[in-house]
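# Reading the structure
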Amino acid sequence: MSTRKEYKDPKAEREAKNYAHPVPSREAVIAILSDRDEPISGDKLLSALGVSSENDIESMSRRLRAMERDGQILKNRRGRYGLVSRMDMISGTITGHADGFGFLIPEEGGEDLFLSPKQMRKVFHGDRVIGIVTGIDKRGRREGNIVEILERRHQFIVGKYISESNVGFVIPDDKRLSQDIIIPPGKAGTARPDQIVNAKITKQPDVRSQAVGEIVEVLGDQMAPGMEIEMAVRKYELPYSWPAAAEQEASQFSENVSESSKSGRIDLTGLPLVTIDGEDARDFDDAVYCEKNGKDWRLLVAIADVSSYVKRDSQLDKEAYNRGTSVYFPNRVIPMLPEILSNGLCSLKPDVNRLSMVCEINITAAGKIKNYKFYEAVMRSHARLTYNEVAAMLVDGDVELRKQNSQLLPDLENLFNLYKILTKARFKRGAIDFDMPETRIIYDDSGRISEIAATERNHAHRLIEECMLLANICAADCLENARMPAPYRVHAGPTIDKLTALREFLFELGLSLAGGEKPQAQDYARVLEKVKGKPEARLVQTVMLRSLSQAIYSPENIGHFGLAFSHYAHFTSPIRRYPDLMVHRRLKEIVNNKKKTIPESEHRDRLERVITRSEHCSMAERRADEATRDVVRWLKTEYMMDKVGEEYEGLVSGVTNFGLFVELKDVYVEGLVHITSLGNDYYHFDPVKHRLTGERTGQTFSLGDAITVQVARVDLDEARIDFELKGVQQKKIKKGKPGDTTKKRLTAKLNKNKKGKTNKKKNKKRTRNKTGKKHSRH
C-alpha cells in the first residue's frame, strides 16, 4: 500500500508574513501536482493541501482560479487540475507578424513557439493562450498549435475601412494584426471607403472564419490634424472620455480649498516651499524646501493630497484606476484626473492654499537618511520656478534672476548644496545613470512640425529628481515597516542569458562586468564610468540598457536594481500615477494610526487587490509608453516626407539580420538601411557583437558606427523610413580561425595572463606604464 508524502509549503514563511491564517502558496500547489502521475480533482487537491475550513476553501478557490488565469495550471473537461508544464503545454502571449505567422512568447521564459498562419487565424496579436509543441520546423524552431485561449486582448480595432464588391472590411492599423475584420452589410454606419474607423469586434476569429465587427466610430481622413493621436488612443484602447458619473462628481469641486478641509493639518503656509518644473508644465505635483539643521539637512517634500478628493471606490477613483496613468502625447495630454483636479484644486499653484502630504526628512552630511516623518498639511507655494531659471541662478549665476528671487535664494542654495551631497552618495551607492538622449517635437504656428530637438537635463532637473527619490524611499520604508500591502516600484536584475550575452559583447571591447551571476547596479555603473566620454560610450550604454528588464509595480518588494535601492515606491506623482495615489492612502492610515490590527480576511483581500491593481497599473504604463512611441514615430515619419533624396550623417542604432537601423544626427529620426543596400556581399549577423560582417570584403557594420545615408522612401501608412547607404568609414576585421569562438579567445587570454605572471618582475615597468588612471565623475 503506497503512502503519499507529507507536503511542506516551501513558501509558508512568506504566506505567514502576509496572513494571520495563510492558505497554501502557489508553490505548494505546483509541488503537489508535480508529484502526482495524473491530474487530480479539486477535492483531492484541497485534501492534499490540508485545506478544510469554509473560509480557506473559498480563499484557495480564488488562488486556483488565479493560477488558471495565469496559465500555471489547467482544469480539464473532467474538472481535474494539472500542471500546464507537465502536459507539454506552454502558456504565454501571442506576438503576430505582418506576414501572417506568429509566435507564442512563454510567460516562464525560454524559446518561443512558432505558430503557422493557419494557427494564427484564430487569434490576434496580444491574446493570451495555452499552446502545445508539435515538432521542429525546417529552420530548427519549435512549432506548435494553440490549445486554449485564456484571454482576448482586443475588443476594438482601429484601421482603414475598405469596401469592394459590396463587401466591407477594416484593415487594422497595427500590422501585427494580419487578418482583416469583416463588416457585414448595415454595420458600417456612416463610414466611407479609405476613412479611419474604430470597429467593435462582435465575433472573435476562429480556425474556420475571420473576425466580424461593426463600425462604432468614424475618425476621419488619415491626414487630418491630430489623427495620429486619435488612432493611437483607440489602437491601444486608452480611456479618453469621462463617464457621466465621474463628471458629476468632478463638477462638485471648486478651485479653492475649503476651510473645513484644513482642520487637523499642520500649517505650512508660511514656509517658502516652491515648485520647480518645465516651462510647459500645467499640473504641479510637488514642492520642496530645504534648510540646514546643525550639521544635517532638513528637507521637506510636499506632494498634492489627491486622496483627500478622490475617495476610494468613488466614480472618480474607478476611472482613475481604469486609466492608471496620464498619457503625454506631443501637443496633447490624456489626464488620469479631470482638469478641475489635475490643473486646479490639486495642482500646487503659487500663492494659493493647497492640501498636501508632506515627507519631512533629516539627512546627514554624508547624504544618508537619518529619520523621516509623514504628515498631512496645508501649504502655499511661494513661487512657480522652472528648471532653466533655477539652473541659471544656481549654476550660471544669472544676476538678474538672482535679484528677482533674492528672498528665495538662500533656500534654493540650500537645495543645491544638498543636491551635491546626494549626487556623491548616489555615485557611492552605484546607481546606474544611463545618459540617453530624449527628444521633443516643436510645432510652428500652423500646427506642422518645425523641428525635432533634443531635451537637455540640467542640474535643476537632477536636483528635483534626488529630492523625489528620497521621498519615495521613505514611503517604501514606512510601508514595509508597517507590513502594509502596497504597490512597490520594483526592478529585477538581469537574467543569466542576458548577462552571458552582455559579458561576451563587453569582452570584445576589452571590458568586463563584475558581480558573477548576480551583479549589482554598481557593477554596471563601473563599466559606464570606464567608457564615459569615449566613442564607444553610446554603444555600451545601449547594449547594457537592453540587458535589463522593465520596472513594474508589485506588492512583493524585491528592491530596485537600477537605482540600487533595497526598497522603493512611487509617492511623488498622485495627480498622474494611480500607484502613487494607492501609496498615499496607505500612508494616511499609518499616519493617522487607523486600524492597528487588520482582520485576516481584510488583509488577504487587500493583498489580492494590490496584486491585481499592480498588474493593471504596470500594463497601463506599458500601454501609455507604446501609444506615445507610435505617435512620435508617425510624426517623425510625416516630418521626413518632403526630405526624400537628402543625405544625413547618422549612427547605427540597431543591427538585425535584415539590415541596420540608423538614427540621423541632430534630427533624431530613425530609419532602416536594408541589408540589400549594404553592398554586393553576403552579410552574416552576429547577435552577440551586434554586428553584420561581409563574407567577401570583411566590411563590418556595428551598433554605434557613424555612417552617411540618403532618405530613399517614406511610407506614412507603415510609419516607416528607408535609407540608402552613401558612405561609411572603411574598416575590416581580422578573420578568425575556424571555430575561433569568444570562449576560446577568453581561455587563450587567461592562459596568456598566467604565463605573464612568471615574468612579473621583468614586465613590471611595462605593465605600470600601460595602466591608465581611473576617470572621476563630475
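Because the structure is predicted, anything quoted here is derived from the model rather than measured.

What follows concerns the overall build of the protein. Of regular secondary structure, the protein possesses 20 helices and 34 strands. For 778 residues, the compact-globule estimate of 2.2 N^0.38 gives 28 Å, and the protein sits close to it at 29 Å. When its C-alpha atoms are laid out on the principal axes, the protein stretches across 75 × 75 × 70 Å. Looking at the protein residue by residue over its 778 residues, the buried ones come to 48%. A sequence separation of at least 24 residues applies to 66% of the contacts in the protein between residues at least 6 apart. Counting only carbon and sulfur atoms, one obtains 49% of the accessible surface of the protein, whose full area is about 40,500 Å². Each charge class in the protein can be summarised by its mean position, and for the 127 positive and 112 negative side chains these summaries are 8 Å apart.

As a further point, take the nonpolar core. Core analysis: the biggest nonpolar cluster contains 62 residues, and Phe-329, Tyr-524, Met-640, Leu-660 and Leu-678 have the highest contact counts within it. When residues of this core are assigned to their parent elements, the largest contribution, six residues, is made by helix α18 (residues 600–639). Apart from the residues within four sequence positions on either side, Met-640 is in contact with Tyr-648, Leu-664, Val-667, Val-669, Val-711, Val-714 and Ile-721. With 51 residues, the next largest nonpolar core counts Cys-359, Cys-467, Ala-471 and Val-583 among its residues.

Strands sit in the order β30-β31-β32 across an open sheet of three strands; the sheet is antiparallel. Edge positions in the sheet fall to β30 (683–686) and β32 (700–702), since each of these pairs with one other strand and no more. Strand-to-strand, the axes of this sheet are offset by a mean angle of 15 degrees, without reference to chain direction.

Scanning the model with the defined rule gives eight cavities of 30 Å³ or more in all. As for the largest cavity, its lining consists of Arg-312, Pro-485, Ala-486, Pro-487, Tyr-578, Met-582, Arg-585, Arg-586, Arg-609, Val-610 and Arg-613. Put simply, the parts of the chain that give the lining of the largest cavity at least two residues each are α17 (578–591) and α18. Per element, the largest residue contribution to the lining of the largest cavity is four residues, and it comes from α17. Classifying every residue of the lining of the largest cavity gives six nonpolar, no polar and five charged.

This part covers helix α2 (residues 26–35). Ala-28, Val-29, Ile-32 and Leu-33 are the residues of α2 that are buried. End-on, the buried residues of α2 take up no more than an arc of 130 degrees, which puts them together on one face. Its buried side turned inward, α2 meets β1 (40–41), α3 (42–49), α4 (54–69), β2 (73–75) and β3 (80–83).

Further remarks concern the side chain of Asp-286. Tracing the backbone shows Asp-286 in strand β16 (residues 286–293). If we skip the residues at most four places from it in the chain, Asp-286 touches Val-274, Thr-275, Ala-302, Ile-303, Leu-348, Ile-464, Met-468 and Thr-572.

Bridge analysis of strand β4 (residues 89–96) against strand β7 (residues 128–136) gives five bridges, and the strand direction is antiparallel. Note on β7: the bridge partner recorded for Gly-92 is Val-129. Of the strand pairs in this sheet, β7 and strand β8 (residues 142–151) are connected by eight bridges, and their pairing is antiparallel. If you follow Ile-132 over to β8, its bridge partner there is Asn-145.

So, about the packing of aromatic side chains. Scanning the model with the defined rule gives twelve aromatic pairs in all. With a centroid separation of 5.8 Å and 85 degrees between ring planes, the pair formed by Phe-253 and Tyr-309 is classed as edge-to-face. Placement of the pair is Phe-253 in the loop between α7 (244–250) and β14 (266–268) and Tyr-309 in the loop between β17 (296–304) and α8 (315–323), with a sequence separation of 56 residues. Aromatic side chains Phe-658 and Phe-661 sit 6.1 Å apart centroid to centroid with 85 degrees between the ring planes, which places their arrangement in the edge-to-face category. The class for Phe-658 is partly exposed, based on a relative accessible area of 37%. Classification of Phe-661 as partly exposed rests on a relative accessible area of 28%. Through a chain of ring-to-ring contacts, three or more aromatic side chains come together here, namely Phe-101, Phe-103 and Phe-114. If you follow Arg-489 out to its NZ or CZ, it ends over the ring of Tyr-553, 4.6 Å from the centre. The ring of Tyr-639 is capped by Lys-643, whose NZ or CZ atom sits 4.0 Å from the centre of that ring.

Here we take up the pairing of strand β34 (residues 720–728). Here strand β29 (residues 670–674) pairs with β34 via two bridges, running parallel. Bridge pairing links Leu-672 to Asp-722 in β34. In terms of strand pairing, strand β33 (residues 706–715) meets β34 through eight bridges, oriented antiparallel. Paired with Gln-710 across the strands is Glu-724, a residue of β34.

Applying the stated criterion across every chain, the model contains 47 salt bridges. Each of the salt bridges in this network shares a partner with another, and the network as a whole consists of Asp-173, Lys-235, Asp-630 and Arg-633.

Unlike most non-glycine residues, His-690 shows phi in positive territory, near 55 degrees. Among the secondary structure elements, His-690 is positioned in the loop between β30 and β31 (691–694). Not every positive phi belongs to a glycine, and Ala-719 is a case in point at roughly 50 degrees. Here Ala-719 is to be found in the loop between β33 and β34.

The subject of this paragraph is the packing of helix α13 (residues 459–481) against α17. Packed helices, taken two at a time, are described by the angle their axes make and the gap between the axes. Between α13 and α17, the shortest axis-to-axis distance is 10 Å and the interhelical angle comes to 55 degrees. Judged by the angle between their axes, α13 and α17 are oblique. The two elements α13 and α17 cross, and the hand of that crossing is left-handed. Together, Ala-475, Cys-478 and Leu-479 of α13 and Val-583, Arg-586, Leu-587 and Ile-590 of α17 make up the contact between the two elements. Across the contact of α13 with α17, the residue classes break down as six nonpolar, no polar and one charged.

Helix length check: helix α12 (residues 409–429), at 21 residues, gives a terminal C-alpha distance of 30 Å against a target of 30 Å (1.5 Å per residue), a fit within 8%. Of the positions making up α12, those classed as buried are Leu-409, Asp-411, Leu-412, Asn-414, Leu-415, Phe-416, Leu-418, Tyr-419, Ile-421, Leu-422, Ala-425 and Arg-426.

Spatially, three strands are ordered β1-β3-β2 in an open sheet, and the strand pairing comes out antiparallel. With one partner strand each, in any of the chains shown, β1 and β2 form the two edges of the open sheet. Of the strand pairs in this sheet, β2 and β3 are connected by three bridges, and their pairing is antiparallel. Bridging across to β3, Leu-74 finds its partner in Gly-82.

Further remarks concern the confidence of the model for the protein. Averaged over every residue, the pLDDT of the protein is 88; residues scoring 70 or more account for 92%. With pLDDT under 50 throughout, residues 730–778 is counted as low confidence; its partners more than four residues away or in other chains account for 32 contacts.

With that settled, the discussion passes to the packing of α17 against α18. Relative orientation of the contacting elements α17 and α18 amounts to 155 degrees, with a least axis distance of 10 Å. Here α17 lies roughly antiparallel to α18, going by the angle between them. In this structure, α17 uses Tyr-578, Pro-579, Met-582, Arg-586 and Glu-589 to contact α18, whose residues at the interface are Arg-606, Val-610, Arg-613 and Cys-617. Along the lines of polarity and charge, the residues of the contact of α17 with α18 split into five nonpolar, no polar and four charged.

What counts and what doesn't
Residues numbered from 1 in each chain as written. Predicted model: local features only at pLDDT ≥ 70, side-chain atom pairs only at ≥ 80, totals over all residues. Heavy atoms only, no water. Helix = DSSP H or I, 4+ residues; strand = E, 2+ residues; numbered from the N terminus. Rg over C-alpha atoms; globule rule 2.2 N^0.38 Å. Buried < 20%, exposed > 50% of the residue type's maximum accessible area, 1.4 Å probe, protein only. Contact = heavy atoms within 4.5 Å. Areas by Shrake-Rupley, 256 points an atom, 1.4 Å probe, with all protein chains shown as cover. Lys, Arg positive; Asp, Glu negative; His and termini not counted. Charge placed at Lys NZ, Arg CZ, Asp CG, Glu CD. Core = buried A, V, L, I, M, F, W, Y, C linked by side-chain atoms within 4.5 Å. Pairing = 2+ DSSP bridges. Axes fitted to C-alpha atoms, helices over the stretch in contact; angles between N-to-C directions. 1 Å grid on protein atoms, 1.4 Å probe; cavity = no way out; pocket = protein on both sides within 12 Å on 5 of 7 lines; lining within 4 Å. Points joined across faces, edges and corners; volume = space filled by probe spheres on them. Nonpolar A, V, L, I, M, F, W, Y, C, P; charged D, E, K, R; others polar. Arc of directions from axis to C-beta. Phe/Tyr/Trp six-rings, centres within 6.5 Å; stacked < 30°, edge-to-face > 60°. Lys NZ or Arg CZ within 6 Å of the ring centre and 35° of its normal. Salt bridge = Lys/Arg side-chain N within 4 Å of Asp/Glu carboxyl O. Parallel < 35°, antiparallel > 145°, perpendicular 65-115°, else oblique. Left-handed = near helix turned anticlockwise from the far one by under 90°. Expected span 1.5 Å × (residues − 1). pLDDT = per-residue confidence, 0-100.

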